Amino acid sequence: MGTTWNDTPSADRVHIAFFGKMNSGKSSLVNALAGQQISIVSKIGGTTTDLVKKPMEIHGIGACVLVDTAGFDDTGALGGSRVALAKQAAKQADLAVLVFSGEQEKAGSFEEEKRWFELLQKRDTPVIPVVSKTDTNAQADALARQIEQVFQKKPLLVSAVTKEGIEELKHALIAAAAEQNEAAKRLITAGFVRREDVVMLVMPQDIQAPKGRLILPQVQTLRELLDQKCITVCVTTDEFACALEALKKPPKLIITDSQVFRTIYEKKPVESMLTSFSVLFAAYKGDMDYFVQGAQVIGTLTEQDRVLIAECCTHAPLDEDIGRVKLPRLLRQRVGEGLHIDLVSGTDFPENLSAYSLLIQCGACMFNRKYVMARVDAAKEQQVPMTNYGVAIAYLSGILDKVEGACYGR
């Protein structure tokens, strides 16, 4: 069976998140858009406790994921944790739907909604205001006028029961996505290759890539190169030299796993460009200029400094794991065994970064660009240097200035 939209990784989907107070109708709208019951709907406030995500496809947007959040006025025993998850969703959201029902809000106030609206605008996230439950809310029109005055945006009137306004909401999401489609136009290998260029991918098959599978950055890069009609050669590290001999001319570009940067650099043809999957993803998902600047800080670290390593995956620790073992070992070999290194995984990421002299983010193949840039913005705001795995390893290998994509921002 061929690959379908349902196989699209979450990181490559448009994230559409729904925000609002408890019992404002968020879950009902998510269910109406999805055409099936995804979120539990109840008159009892606080029913949605964790983020509820539904992968689907909306014609005009493509592969997307609907994200239902807990009410941002949740004050229950776990209210703080639920609101924290909603804030996490705000960092990931490519598009946001802000839901008003008027049931819990004094006329013309909207203080909580204004705070969230401003939070989303700060992240350049398009916000679509919606008045829900129009089938039971006789004051929907008046509420809509008040919202338009406060937010300078005309809200949609919708009902998950009668389906009033659901098609209009889809069209509004499509229009907003069209204005935000620059990310969709981004290419992992942007500016490096053209049709019929020979590209060699060096992909060590170690415990990071379980038998029978390739890791996600390798798969995504390979598919993109095939789509660009490049002549693509895949090899393991030990077959690199044999593969070069089999080619009539050197490859235009060599993309390697960062862990064997130095090995491949020493064996590559002079005329071939060299980069890594992680370096490419640093530019694709994050801010390359900031990451290159951050890598320079490694040369100034002392044993009194603290470094935070942040990986997206939440897998069980593996022998020779790059984030938990190899990168810390390289850093301590350079700085000293006393260097303090913390590691977080998944969406765990401290709000206060002031204790750290450097942040090192993984390639972020499991996160969308919006979420990675939220971390970059937090680092910049707190003036904490930041880099990523591939850029850091290139620096530690002494070849950062020789790596394509790390020599300049894209």
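So, a few notes on the structure that sits alongside this text.

Rules behind the numbers
- Residues numbered from 1 in each chain as written.
- Predicted model: local features only at pLDDT ≥ 70, side-chain atom pairs only at ≥ 80, totals over all residues.
- Heavy atoms only, no water.
- Salt bridge = Lys/Arg side-chain N within 4 Å of Asp/Glu carboxyl O.
- Helix = DSSP H or I, 4+ residues; strand = E, 2+ residues; numbered from the N terminus.
- Buried < 20%, exposed > 50% of the residue type's maximum accessible area, 1.4 Å probe, protein only.
- Pairing = 2+ DSSP bridges.
- Axes fitted to C-alpha atoms, helices over the stretch in contact; angles between N-to-C directions.
- Contact = heavy atoms within 4.5 Å.
- Expected span 1.5 Å × (residues − 1).
- Arc of directions from axis to C-beta.
- Parallel < 35°, antiparallel > 145°, perpendicular 65-115°, else oblique.
- Nonpolar A, V, L, I, M, F, W, Y, C, P; charged D, E, K, R; others polar.
- Disulfide = S-S within 2.5 Å.

**Describing the pattern of salt bridges**
Argument step 1. By the definition in use, this model includes 12 salt bridges.
Argument step 2. Measuring nitrogen to oxygen at the nearest pair gives 3.1 Å for the salt bridge that ties Lys 114 to Glu 111. On the criterion of helical spacing, the pair formed by Lys 114 and Glu 111 is a turn pair, its members being 3 residues apart in helix H3 (residues 111–122).
Argument step 3. Since its relative accessible area comes to 27%, Lys 114 is described here as partly exposed.
Argument step 4. Taking relative accessible area as the criterion, Glu 111 reaches 40% and is therefore assigned partly exposed.
Argument step 5. Between Arg 115 and Glu 112 there is a salt bridge; the shortest N-O distance is 2.7 Å.

**Points about the sheet that holds strand E9 (residues 253–256)**
Whether parallel or antiparallel, the strands of a sheet pair through hydrogen bonds between backbone atoms.
Argument step 1. Here 4 strands make up an open sheet; going across it, the order is E8-E7-E9-E10 and the pairing parallel. The sheet is open, and its two borders are formed by strand E8 (231–235) and strand E10 (273–276), each paired with just one other strand. Between one strand axis and the next, the sheet turns through 20° on average, direction left out of account.
Argument step 2. The pairing of strand E7 (residues 198–202) with E8 spans 5 bridges and is classified as parallel. Looking across to E8, one finds that Met 200 is bridged to Val 233.
Argument step 3. On the sheet, helix H7 (residues 216–227) packs against E7, E8 and E9 and is oriented at approximately 155° with respect to E8.
Argument step 4. Strand contacts of helix H10 (residues 277–285): E7, E9 and E10, with the helix running at about 75° to E10, the strand carrying the most contacts.

**Some thoughts on helix H4 (residues 140–151)**
Argument step 1. Under the 1.5 Å per step criterion, the end-to-end length of H4 is 16 Å for 12 residues, consistent within 8% with the ideal 16 Å.
Argument step 2. Here H4 has its buried residues at Ala 140, Leu 143, Ala 144, Ile 147 and Phe 151. What you see down the axis of H4 is that its buried residues fit within an arc of 100°, all on one side. Seen from the buried face of H4, the exposed residues on the opposite side, beyond 90 degrees, are Arg 145 and Gln 149.
Argument step 3. Lining the buried residues of H4 we find strand E4 (95–100), H3, strand E5 (127–131) and strand E6 (156–157).
Argument step 4. Where H4 terminates, the next one or two residues include Gln 152, which has phi positive at roughly 55°.

**Topic: the sheet that holds strand E11 (residues 306–311)**
Argument step 1. Pairing within the open sheet is parallel, and its 4 strands lie in the order E12-E11-E13-E14. Each edge of the sheet is formed by a strand with only one pairing partner; in this case those strands are strand E12 (340–345) and strand E14 (386–388). Within this sheet the neighbouring strands show an average axis-to-axis angle of 20°, counted without direction.
Argument step 2. Pairing of E11 with strand E13 (residues 358–361) involves 4 bridges; the strand directions are parallel. Residue pairing across strands places Ala 310 opposite Gln 361, the latter belonging to E13.

**Observations concerning unusual backbone geometry**
Argument step 1. Positive phi is not limited to glycine here, since Glu 196 has a value of about 75°.
Argument step 2. Looking at where Glu 196 falls in the secondary structure, it is placed in the loop between helix H6 (182–185) and E7.

**Some details on the packing of H10 against helix H13 (residues 369–381)**
Argument step 1. Put simply, H10 and H13 touch, their axes get as near as 9 Å, and they point 85° apart. When the axis of H10 is compared with that of H13, the two are roughly perpendicular. Together, Ala 283, Tyr 284 and Lys 285 of H10 and Arg 369, Val 372 and Met 373 of H13 make up the contact between the two elements.
Argument step 2. Across the contact of H10 with H13, the residue classes break down as 4 nonpolar, no polar and 2 charged.

**A look at the environment of Cys 365**
Argument step 1. Within the secondary structure layout, Cys 365 lies in the loop between E13 and H13.
Argument step 2. A relative accessible area of 13% places Cys 365 in the buried class.
Argument step 3. When the C-alpha atoms of Cys 365 and Pro 9 are compared, they prove to be 8.9 Å apart, with 356 residues separating the residues in sequence.
Argument step 4. Every residue in contact with Cys 365, bar those within four places of it in the chain, is listed here: Ala 11, Leu 216, Pro 217, Gln 220, Phe 281 and Lys 285.

**Looking at the state of the cysteines**
Two cysteines form a disulfide when their sulfur atoms are joined by a covalent bond.
Argument step 1. Enumeration over the complete set of coordinates arrives at 0 disulfides.
Argument step 2. Counting only cysteine sulfurs, Cys 312 is the nearest neighbor of Cys 362, a cysteine outside any disulfide, at a range of 3.3 Å.
Argument step 3. With a relative accessible area of 11%, Cys 362 lands in the buried category.

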